[in-house]
Amino acid sequence: MKLHHIPLLAGAVMALATIGTFQNQHAHGHDGHSHDHGHSHDHARLPKVPQTVPGAWKVIQDNTAKIRKAVETGDHDTIHTAEPYIQAGLNVLKTKSTMVEEKNQKRLQGAIKQASKASDAVHHAADSGNKVAMTKSLKQLDGSLKLIAAQYPEGALESR
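Residues numbered from 1 in each chain as written. Predicted model: local features only at pLDDT ≥ 70, side-chain atom pairs only at ≥ 80, totals over all residues. Heavy atoms only, no water.

### A look at the nonpolar core
Rules: Among the buried residues, those of types Ala, Val, Leu, Ile, Met, Phe, Trp, Tyr and Cys that are joined through side-chain atoms within 4.5 Å form a nonpolar core. Each residue is assigned to one of three classes by its accessible area relative to the maximum for its type, calculated with a 1.4 Å probe on protein chains only: buried under 20%, partly exposed between the two thresholds, exposed over 50%. A run of DSSP states H or I qualifies as a helix once it reaches four residues; a run of E qualifies as a strand once it reaches two. Both are numbered from the N-terminal end. It only takes one pair of heavy atoms within 4.5 Å for two residues to be counted as in contact.
Within the largest apolar cluster, 34 residues are counted, with the highest numbers of intra-cluster contacts made by Ile 67, Ile 79, Leu 90, Leu 93, Leu 145, Ile 148 and Tyr 152. Every element with two or more residues in this core is listed here: α2 (53–73), α3 (76–96), α4 (102–128) and α5 (131–150). Residues in contact with Ile 148, not counting those within four places in the same chain, are Trp 57, Leu 90, Leu 93, Leu 108, Ala 111, Ile 112 and Ala 115.

### Examining the pattern of salt bridges
The line we're drawing: Salt bridge, as applied in this entry: a Lys or Arg side-chain nitrogen positioned within 4 Å of an Asp or Glu carboxyl oxygen.
Scanning the model with the defined rule gives three salt bridges in all. The salt bridge involving Asp 62 is made with Lys 58; its shortest N-O contact spans 3.0 Å. Of the two residues, Asp 62 and Lys 58 are both situated in helix α2; the distance of four residues between them amounts to about one turn of the helix. Measuring nitrogen to oxygen at the nearest pair gives 3.7 Å for the salt bridge that ties Glu 101 to Lys 103. Under the relative-accessibility criterion, Glu 101 is labelled partly exposed at 47%.

### Concerning the environment of Thr 64
As for its placement among the helices and strands, Thr 64 is situated in helix α2. The class for Thr 64 is buried, based on a relative accessible area of 2%. In the structure, Thr 64 is positioned 55 residues away from Ser 119 in sequence and 8.7 Å away in space, judged by C-alpha atoms.

### Concerning α5
Note the threshold: Given a helix with a known number of residues, its expected span is that number minus one, times 1.5 Å. It is the directions from the helix axis to the C-beta atoms that the arc portrays.
Counted at 1.5 Å a residue, the expected span for α5 with its 20 residues is 28 Å, and the 29 Å between its end C-alpha atoms agrees. The set of residues buried in α5 consists of Met 134, Ser 137, Leu 138, Leu 141, Ser 144, Leu 145 and Ile 148. Down the axis of α5, the sector holding all buried residues measures 125°, keeping them to one side. Projecting away from the buried face of α5 at angles above 90 degrees are the exposed residues Val 132, Lys 136, Lys 139, Lys 146 and Ala 150.

All quantities given are derived from atomic positions and should not be read as evidence of function.
Printed below as a string of structure tokens:
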């Protein structure tokens, strides 16, 4: 190796080390701002929901309806209570949706991820009292849920 390449190589190593440290800190919530908004995002502590696709879908639908009404009335407590049930239901769909055709699995998993983000966004907007953001995030949640439903075979989401 030529000596004039050493400073360039050292600089590249330092840059990569700094990026890795930043990404690790951000992943663990040490990025200079607090992630504590007065509620927990510990998905290990999500409420218990039925571990079947139809049961989880009903929980998602029921709690989305509660959130829809709460956004209209400004009832932030209901949003905080209902949103974790949506997350728990989405987690069931993520792992139990074996009846969805292979060709639709990628779209399903993407829609579940988007629904989770939108549900969380409604929750955060409620934290800040931002009705415009709550309404926008609720529309995104509704759209994601429609896309989720479209991936299932007919009748798969209905409770028997």
